[in-house]
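Structure assessment
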Amino acid sequence: DVKVTQSSRYLVKRTGEKVFLECVQDMDHENMFWYRQDPGLGLRLIYFSYDVKMKEKGDIPEGYSVSREKKERFSLILESASTNQTSMYLCASSFGAMYQETQYFGPGTRLLVL
Amino acid sequence: SQQGEEDPQALSIQEGENATMNCSYKTSINNLQWYRQNSGRGLVHLILIRSNEREKHSGRLRVTLDTSKKSSSLLITASRAADTASYFCATDGSYGKLTFGQGTILTVHP
């Protein structure tokens, strides 16, 4: 079974802090994704990566950066956390074919920025 | 951008009844997927239907796709309390990206 793990289930940070969210997958997947999920807005793609050291902006990249130094690990970084970044963050991975791609999700990190 | 839009936003039924959720999308697709999310958890893939397929079954799930109307439906038959969750449709894009709708919240009462 594919396993996608996220470093924390719940996280409380203060405004202005630098926040790291880690995601690890164990299936040698090429693609990895970071989403945020907010009530009424569904899932929105922040960043994705289709290869090591490759990254592409999603729909809402502002205020975020990512790092993918190893194939299995994809990190989301909030350079200076703000209260509007309070949200549920979901990481996902997929095999790497161009189409017909099933994504496998981690359990999510619920981030509260005070 | 929201490609898929689910309808209804919320659905409440009794155990044993069927639940139908609909999804509409705007641009052409190669495939459409349905995912389930239990409260506070990650999403779990349920079923994928390709653009050249009209109907697909998996256990108690039946998915239809009408590309002429740019719509899909998910039917859960003989629902159980354990089916209570949010259900999302997702359409494909480049590099394996998916665009998710806002979801339908299904509540199944025992």
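Here, every reference points to the structure presented above.
These remarks concern the structure in this document. Quick caveat: nothing in here was measured; it's all calculated off a predicted structure.

**Regarding the sheet that holds strand S3 (residues 19-25) of chain A**
All names here are of chain A. On the basis of which strands lie adjacent, the open sheet formed by 4 strands has the order S1-S3-S8-S7 and antiparallel pairing. Edge strands, defined here as strands with exactly one partner in the open sheet, are strand S1 (4-6) and strand S7 (64-70). Adjacent strand axes in the sheet meet at a mean angle of 20 degrees when their direction is disregarded. By the bridge criterion, 6 bridges tie S3 to strand S8 (residues 73-78) in an arrangement that is antiparallel.

**Considering unusual backbone geometry**
Across the junction of aspartate 7 of chain B and proline 8 of chain B, the peptide omega takes the value 0 degrees, indicating a cis bond. Topologically, proline 8 of chain B is positioned in the loop between strand S1 (5-7) and strand S2 (10-14). You will see that lysine 53 of chain A, though not glycine, has its phi angle at about 65 degrees, which is positive. Mapped onto the elements, lysine 53 of chain A comes out in the loop between strand S5 (42-49) and strand S6 (56-57). For lysine 53 of chain A, a relative accessible area of 55% corresponds to the exposed category.

**Remarks on the packing of aromatic side chains**
All names here are of chain A. Enumeration according to the criterion identifies 8 aromatic pairs over all chains in this entry. Taking the centre distance of 6.1 Å and the plane angle of 20 degrees together, the rings of phenylalanine 33 and phenylalanine 48 count as stacked. Of this pair, phenylalanine 33 sits in strand S4 (residues 31-38) while phenylalanine 48 sits in strand S5; the two residues are 15 residues apart in sequence, bridging distant segments of the chain. Take phenylalanine 33 and phenylalanine 48: they sit in the same class, and that class is buried.

**Quick word on the side chain of glutamine 37 of chain B**
Looking at where glutamine 37 of chain B falls in the secondary structure, it is placed in strand S4 (residues 31-37). Residue classification places glutamine 37 of chain B among the buried positions, given a relative accessible area of 7%. Among the polar contacts made by the side chain of glutamine 37 of chain B, one reaches the main-chain carbonyl oxygen of arginine 41 of chain B at a distance of 2.6 Å. Beyond its immediate chain neighbours, meaning those up to four positions away, glutamine 37 of chain B contacts Gln37 and Leu90 of chain A together with Gly42, Leu43, Ala85, Ser86 and Phe88 of chain B.

Cut-off values and rules
- Residues numbered from 1 in each chain as written.
- Chains lettered and ligands numbered in written order.
- Predicted model: local features only at pLDDT ≥ 70, side-chain atom pairs only at ≥ 80, totals over all residues.
- Heavy atoms only, no water.
- Pairing = 2+ DSSP bridges.
- Helix = DSSP H or I, 4+ residues; strand = E, 2+ residues; numbered from the N terminus.
- Axes fitted to C-alpha atoms, helices over the stretch in contact; angles between N-to-C directions.
- Buried < 20%, exposed > 50% of the residue type's maximum accessible area, 1.4 Å probe, protein only.
- Phe/Tyr/Trp six-rings, centres within 6.5 Å; stacked < 30°, edge-to-face > 60°.
- Polar contact = N/O pair within 3.5 Å; in protein donor to acceptor, adjacent residues only side chain to side chain.
- Contact = heavy atoms within 4.5 Å.

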